[in-house]
Amino acid sequence: MTGEKNLDKLLKSMSPELMNGEYVFCTFQNARYGDYSDLEPIASFIESEGLTLVIPKSKADEKNVDYDSVFKGITLSVHSSLDAVGLTAAFSNKLAEHGISANVIAGYYHDHIFIQSEFAARALEALDEFAC
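Just so it is clear, the model here is predicted, and its values are computed rather than measured. (Residues numbered from 1 in each chain as written. Predicted model: local features only at pLDDT ≥ 70, side-chain atom pairs only at ≥ 80, totals over all residues. Heavy atoms only, no water.)

Let's shift gears to the pairing of strand β6 (residues 103-106). Examined bridge by bridge, β6 and strand β7 (residues 111-116) share 4 bridges and lie antiparallel to one another. The residue of β7 that forms the bridge with Val104 is Ile113. Here β6 hands over to β7 after 4 residues, the two strands then running antiparallel side by side. (Pairing = 2+ DSSP bridges. Helix = DSSP H or I, 4+ residues; strand = E, 2+ residues; numbered from the N terminus.)

And the structure:
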């Protein structure tokens, strides 16, 4: 099943949904993919400085893992193509207009935006402006 590529259709049908829970970004030097699976990461990325994991805040607190900020996740429910042009720029610019930072992770089917927890409601309102 191929995702949508038309930017206008994507923006009007993105249907942002708030993910349950709060998440944090953390990093581990000299770690590899699969390490720290007990933290139940929902995303990972290997950088030259170390392994970055996005984990539930509750797990970070339970295991005394350091983090800087706390985030809520917003999933764009539309099945966007990984080849779609302009979607990330459009919603990033919209959030920037409202003074909201966006940390974006693209999955195969959907884009996921991590917003500082205190701005989650405002971010949903801003993204809903595209539906008009």
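From this point on, the discussion continues.
This next bit is on the packing of aromatic side chains. Per the counting criterion, the structure on display carries 5 aromatic pairs. For the ring pair Phe25 and Phe114, a centre distance of 5.8 Å and an interplane angle of 90 degrees mean the geometry is edge-to-face. Within this pair, whereas Phe25 is found in strand β2 (residues 23-28), its partner Phe114 is found in strand β7, the two being separated by 89 residues in sequence. Overall, the relative accessible area of 26% leaves Phe25 in the partly exposed class. (Phe/Tyr/Trp six-rings, centres within 6.5 Å; stacked < 30°, edge-to-face > 60°. Buried < 20%, exposed > 50% of the residue type's maximum accessible area, 1.4 Å probe, protein only.)

Moving on: the pattern of salt bridges. In the structure shown here, the tally under the stated rule is 6 salt bridges. Lys63 is the salt-bridge partner of Asp38, the closest N and O atoms lying 3.6 Å from each other. With Asp38 in the loop between β2 and β3 (43-47) and Lys63 in the loop between α2 (57-62) and β5 (71-76), the pair connects residues that are 25 residues apart, well separated along the chain. When the shortest N-O distance is used, the salt bridge between Lys59 and Glu62 registers 3.8 Å. With a gap of 3 residues between them, Lys59 and Glu62 both fall in helix α2, about one helical turn apart. A relative accessible area of 14% places Lys59 in the buried class. Three or more residues joined by partner-sharing salt bridges are found here, namely Glu40, Lys59 and Glu62. (Salt bridge = Lys/Arg side-chain N within 4 Å of Asp/Glu carboxyl O.)

A few words on the nonpolar core. Met14, Leu95, Ile113 and Leu127 are the most contacted members of the largest nonpolar core, which has 18 residues in total. Mapped onto this core, the elements with two or more residues apiece are α1 (7-12), β5, α3 (87-97), β7 and α4 (120-128). When residues no more than four places from it in sequence are discounted, the contact partners of Leu127 are Met14, Pro16, Ile74, Leu76, Phe91, Leu95 and Ile113. The next biggest cluster of nonpolar side chains, apart from the first, holds 11 residues, and it includes Ala31, Leu39, Leu51 and Leu53. (Core = buried A, V, L, I, M, F, W, Y, C linked by side-chain atoms within 4.5 Å. Contact = heavy atoms within 4.5 Å.)

The phi torsion at Ser15 lies on the positive side, around 45 degrees, for a residue other than glycine. By secondary structure assignment, the location of Ser15 is in the loop between α1 and β1 (16-18). Judged by its relative accessible area of 40%, Ser15 falls in the partly exposed class. Unusually for a residue other than glycine, Tyr36 sits at a positive phi of about 65 degrees.

Relative to the assigned elements, Phe130 resides in the segment after α4. Sequence separation of Phe130 and Tyr67 is 63 residues, and the distance between their C-alpha atoms is 32 Å. With near-sequence residues (within four places) excluded, Phe130 lies in contact with Leu11, Lys12, Met14, Ala90, Phe91 and Lys94.

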